[in-house]
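# Residue-level structural notes
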Amino acid sequence: MPNQTVVRKMHSGYYDALVSIDRECGEYFWNSTDFRKHIARSNGFGIVLLQKTTPIAFLAYEFDKDAGEINILNMGVRKFARRRGIGKLMLAQLKDKLVKRYKTLRMVVRDSNLISHLFLKNQGFIAHYEKNYFVDHYSDRTEREDGYCFEFKTTASDRSDKLESVC
């Protein structure tokens, strides 16, 4: 990965580029309004990976403090930038937050999205099946499709070890 690559907080100046990236990633993509609504929520966050000044990847997520989870809602990397450790870098940032305060990092992926299945499995996530997930949650935007909930969990000792090393 080139040393001109930096991670920035997601904001409205990036939305058009993020829509373009998301369109490269599959048939069900977010539009600018979806990104804006996500960031406007009190628990909605995102990061953008820039190569020089051009967005090449993003990750949209939310914190669920009650459940102790970080939920990844959307993630995308430009086709030319894939298989270079960019997705792994973005997940590493969330895993660091996870170890400090939360116990689970999760992402629900469509049954048809094999690329994401393989990527998340390679990053240490474990999956379980969710029947008709994308009908129940996104019925206005898709046909009936099952999903897989990928989870990456830490233990209390992982979190305390990390906290001790930070102090």
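Summarised in this report is the structure supplied together with it.

What counts, and at which threshold
- Residues numbered from 1 in each chain as written.
- Predicted model: local features only at pLDDT ≥ 70, side-chain atom pairs only at ≥ 80, totals over all residues.
- Heavy atoms only, no water.
- Buried < 20%, exposed > 50% of the residue type's maximum accessible area, 1.4 Å probe, protein only.
- Helix = DSSP H or I, 4+ residues; strand = E, 2+ residues; numbered from the N terminus.
- Pairing = 2+ DSSP bridges.
- Right-handed = clockwise from strand over helix to strand, strands pointing away.
- Axes fitted to C-alpha atoms, helices over the stretch in contact; angles between N-to-C directions.
- Contact = heavy atoms within 4.5 Å.
- Phe/Tyr/Trp six-rings, centres within 6.5 Å; stacked < 30°, edge-to-face > 60°.
- Lys NZ or Arg CZ within 6 Å of the ring centre and 35° of its normal.
- Salt bridge = Lys/Arg side-chain N within 4 Å of Asp/Glu carboxyl O.

### A few points about the pairing of strand β4 (residues 69–77)
The buried count for β4 comes to 8 of 9 residues, which makes it a mostly enclosed element. A loop of 4 residues connects strand β3 (residues 54–64) with β4, the two strands running antiparallel in sequence, and G68 in this loop sits at a positive phi of about 70°. Summarising the sheet, β4 and strand β5 (residues 104–110) pair through 4 bridges and their orientation is parallel. Directly across from E69, in β5, lies its bridge partner T104. Remark: the β4/helix α3 (residues 86–101)/β5 crossover connection has right-handed handedness.

### Details of the sheet that holds strand β7 (residues 147–153)
Picture the strands of a sheet paired through backbone hydrogen bonds; they go either parallel or antiparallel. Ordered by their spatial adjacency, 7 strands build an open sheet running β1-β2-β3-β4-β5-β7-β6, and the pairing between neighbours is mixed. Single-partner strands in this sheet number two, and they are β1 (5–9) and β6 (126–130). Strand after strand, the sheet turns through a mean of 25° between neighbouring axes, direction not considered. By the bridge criterion, 5 bridges tie β1 to strand β2 (residues 44–51) in an arrangement that is antiparallel. Directly across from T5, in β2, lies its bridge partner Q51. Contacts from helix α2 (residues 32–40) reach β2, β3 and β4 within the one sheet, and its direction differs from that of β2 by about 125°. The strands that helix α4 (residues 114–122) touches are β4, β5 and β7; relative to β5, the one it contacts most, it runs at about 160°.

### Side note on the packing of aromatic side chains
Scanning the entire structure with this criterion turns up 9 aromatic pairs. An angle of 15° between the planes, with centres 5.1 Å apart, marks the rings of F63 and Y102 as stacked. Linking F63 in strand β3 with Y102 in the loop between α3 and β5, this pair joins segments that are 39 residues apart in sequence. You'll find F63 and Y102 in the same group, each marked buried. Its guanidinium or amino end placed over the ring of F152, K95 lies 4.2 Å from that ring's centre, counting from NZ or CZ.

### Some remarks on the pattern of salt bridges
Oppositely charged side chains may form a pair once their charged atoms are brought near each other. Taken as a whole and judged by the stated rule, the model has 7 salt bridges. Between D146 and K131 there is a salt bridge, and its shortest N-O distance comes to 3.9 Å. In this pair, D146 sits in the loop between α5 (133–136) and β7 while K131 sits in the loop between β6 and α5, placing the two residues 15 residues apart along the sequence. Given the relative accessible area of 53%, K131 is considered exposed. Across the pair E151 and K153 runs a salt bridge whose closest N-O atoms are separated by 3.6 Å. One network of salt bridges, in which partners are shared, links E69, R106, E151 and K153.

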